[in-house]
Each structure stands twice: as C-alpha cells, then as structure tokens.
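An overview of the molecular structure
Here's the letter readout for the chains.
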Amino acid sequence: MQLVVARLGRPHGIRGDVTVEVRTDEPDERMMAGSVLETDPADAGPLAIDNAFWHSGRLILHFKDVPDRSAAEELRGIFLVVNSEDLPDLDDPDEFRDHDLVGLAAVDPAGASIGTLTAVDHGPGGDMLIVTAGDGRKHLIPFVKAIVTAIDATARTITIDAPEGLFDL
C-alpha cells in the first residue's frame, strides 16, 4: 500500500526548490539528501532529493534534474509516497499507524458489532477514530485507552467500551 508522506507545493526561489506540505512524523528521516521517493501520479517520479532544508518552519526540497523555477512549478500538487511494506516495525506495542487501523471491525466489549473503523483524524485536541456503523452513520471515538480497550491485529478487531451516550444522536 502506498502511503503519502508529503505533498509538493509552490516553488521557492528561482533555482528549482519546492515547498513541502509534510504528512509524516519523520520528515528528516524520509526526506533527506540522497533519498529517492516514488510519486503519485507515478509518472512524475521517482524523484531524487538533492538537498533538503527548513526555512521559516517549512521544509524545502531540491530534486536532481529540477534546474529552475519553471521545472519546480511542474511538481506542484504531486504527492511523495512510500510503500507501507518498506516501513520498519514499531517498537511500542501501543503505537499504530493509521493504515494498520483502517478497516478493523469495531466491536463492543461483549463482541457485538459497532461498525468499521474508516479513518483516523489527528486533530489538535487528540486523535479521533471514525467508525462507520452499518446504517452509514459516522461516530467519532476518542482514541484513548479508557475507551479503546483492545486492538487485535490478528482478529482485525478494535474493542470500544463507549461511555453512555457516545453513540446517541
């Protein structure tokens, strides 16, 4: 599965540098000089990073074979992607990547179906799980241990012990 780690933005300067909208927790590891990243759309890449630096809180990349501002403008809107199979295993058993959670069957502590986990929202107040019920309603579930009591990757289930009223309209 291809995972988006960045979206390329507008050019920065006249030498082919591009601003980057980072979508990974490890930008300094994934987007450093010498890295080669696949793209979406695929025919735009792969792109080899020649230089990477931070400027005013924003990541700026320069790719090999992108000599000027006009060439950099052609990259606007392209996504940089990595293959999920190439990611290292996580050391912390309580840490999960979004793509590992999406698609899990959400159940209550008795095992009754609540729905399917369809997305993870990383908001400013904390992470929220989006569970879509069988009738199509979407429920926002705070991703905290008191509510999300178990995740079984083998059984592909996530147990949600919802406080009273969480699923009420």
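It should be noted that the structure appears before, not after, this text.
Each value, and the rule that gives it
Residues numbered from 1 in each chain as written. Predicted model: local features only at pLDDT ≥ 70, side-chain atom pairs only at ≥ 80, totals over all residues. Heavy atoms only, no water. Pairing = 2+ DSSP bridges. Helix = DSSP H or I, 4+ residues; strand = E, 2+ residues; numbered from the N terminus. Axes fitted to C-alpha atoms, helices over the stretch in contact; angles between N-to-C directions. Core = buried A, V, L, I, M, F, W, Y, C linked by side-chain atoms within 4.5 Å. Buried < 20%, exposed > 50% of the residue type's maximum accessible area, 1.4 Å probe, protein only. Contact = heavy atoms within 4.5 Å. Patch = residues over 30% accessible without salt bridge, like charges linked within 9 Å, V, L, I, M, F, W, Y side chains within 5 Å. Areas by Shrake-Rupley, 256 points an atom, 1.4 Å probe, with all protein chains shown as cover. Salt bridge = Lys/Arg side-chain N within 4 Å of Asp/Glu carboxyl O. Lys, Arg positive; Asp, Glu negative; His and termini not counted. Charge placed at Lys NZ, Arg CZ, Asp CG, Glu CD.

We now examine the sheet that holds strand β11 (residues 148-152). Strand pairing within a sheet occurs via backbone hydrogen bonds; the two strands may be parallel or antiparallel. Taken together, six strands build an open sheet; the order of strands is β10-β9-β8-β7-β12-β11 and the sheet is mixed. Whereas interior strands pair on both sides, the edge strands pair on one side only; in this sheet they are β10 (138-142) and β11. Along the sheet, successive strands turn relative to each other by an average axial angle of 35°, direction set aside. As paired elements, β11 and strand β12 (residues 157-160) share four bridges and run antiparallel to each other. Looking across to β12, one finds that A150 is bridged to T159.

Moving on to the nonpolar core. Grouped together as the largest cluster of nonpolar side chains are 19 residues, with contacts concentrated most on L8, V20, M31, L61, F63, L75 and L80. Take this core: its biggest share by element is four residues, from strand β1 (residues 2-12).

It is worth spelling out unusual backbone geometry at this point. Residues apart from glycine generally show negative phi values, whereas peptide bonds are mostly found in trans. The omega angle of the peptide bond from D40 to P41 is 10°, so this bond is cis rather than trans. Its location among the elements puts P41 in the loop between β3 (36-40) and β4 (47-55). Located in the positive-phi region is S56, a residue other than glycine, with phi close to 55°. Inspection of the secondary structure assignment puts S56 in the loop between β4 and β5 (58-63). With a relative accessible area of 74%, S56 lands in the exposed category. Of note, R156 is a non-glycine position whose phi angle comes to about 60°, a positive value.

Moving on to the pairing of strand β8 (residues 113-123). Sheet analysis places strand β7 (residues 105-107) next to β8, joined by three bridges and oriented antiparallel. When the bridges of β8 are listed, A105 appears paired with T116. Once β7 ends, the chain turns through five residues before running back antiparallel as β8, passing G111 with a positive phi of about 95°. Two successive antiparallel strands, β8 and strand β9 (residues 126-132), enclose a turn made up of two residues.

Let's shift gears to the environment of V148. Take V148: it is sitting in strand β11. As for V148 and A52, which are separated by 96 residues in sequence, their C-alpha atoms are 38 Å apart. Those residues in contact with V148 that sit more than four places away from it in its chain are L129, I141, P142, F143, I158 and T159.

Let us look at the side chain of T19. Structurally, T19 is set in strand β2 (residues 17-22). By relative accessible area, which is 3% here, T19 ends up buried. Leave out the neighbours within four places in its chain, and T19 touches R7, L8, G9, R10, H12, R58, L59 and I60.

Here we come to the pairing of β10. Consecutive residues of a regular strand have side chains that alternate between opposite faces of the sheet. Judged by which residues are buried, β10 turns out to be one-sided: H139 and I141 face inward and are buried, whereas K138, L140 and P142, on the alternate face, are not. The antiparallel pairing of β9 with β10 creates a hairpin that spans five residues between the two strands, and G136 there sits at a positive phi of about 95°.

So, about the sheet that holds β1. Ordered in space as β1-β2-β5-β4-β3-β6, the six strands form a closed barrel in which the pairing is antiparallel. Within this sheet the neighbouring strands show an average axis-to-axis angle of 50°, counted without direction.

On the surface, D25, D98, D100, D121 and D127 cluster together to form a negatively charged patch. By the secondary structure assignment, D25 is in the loop between β2 and α1 (27-30).

To continue, consider the pattern of salt bridges. As enumerated under the stated definition, the model contains three salt bridges in all. The residue E21 makes a salt bridge to R7 at a minimum N-O spacing of 3.7 Å. Of this pair, E21 sits in strand β2 while R7 is found in strand β1, placing the two residues 14 residues apart along the sequence. The partner of D135 in a salt bridge is R137, with the nearest N and O atoms 3.0 Å apart. Residue class for D135 comes out exposed when judged on its relative accessible area of 54%.

In short, geometric facts, not functional conclusions.
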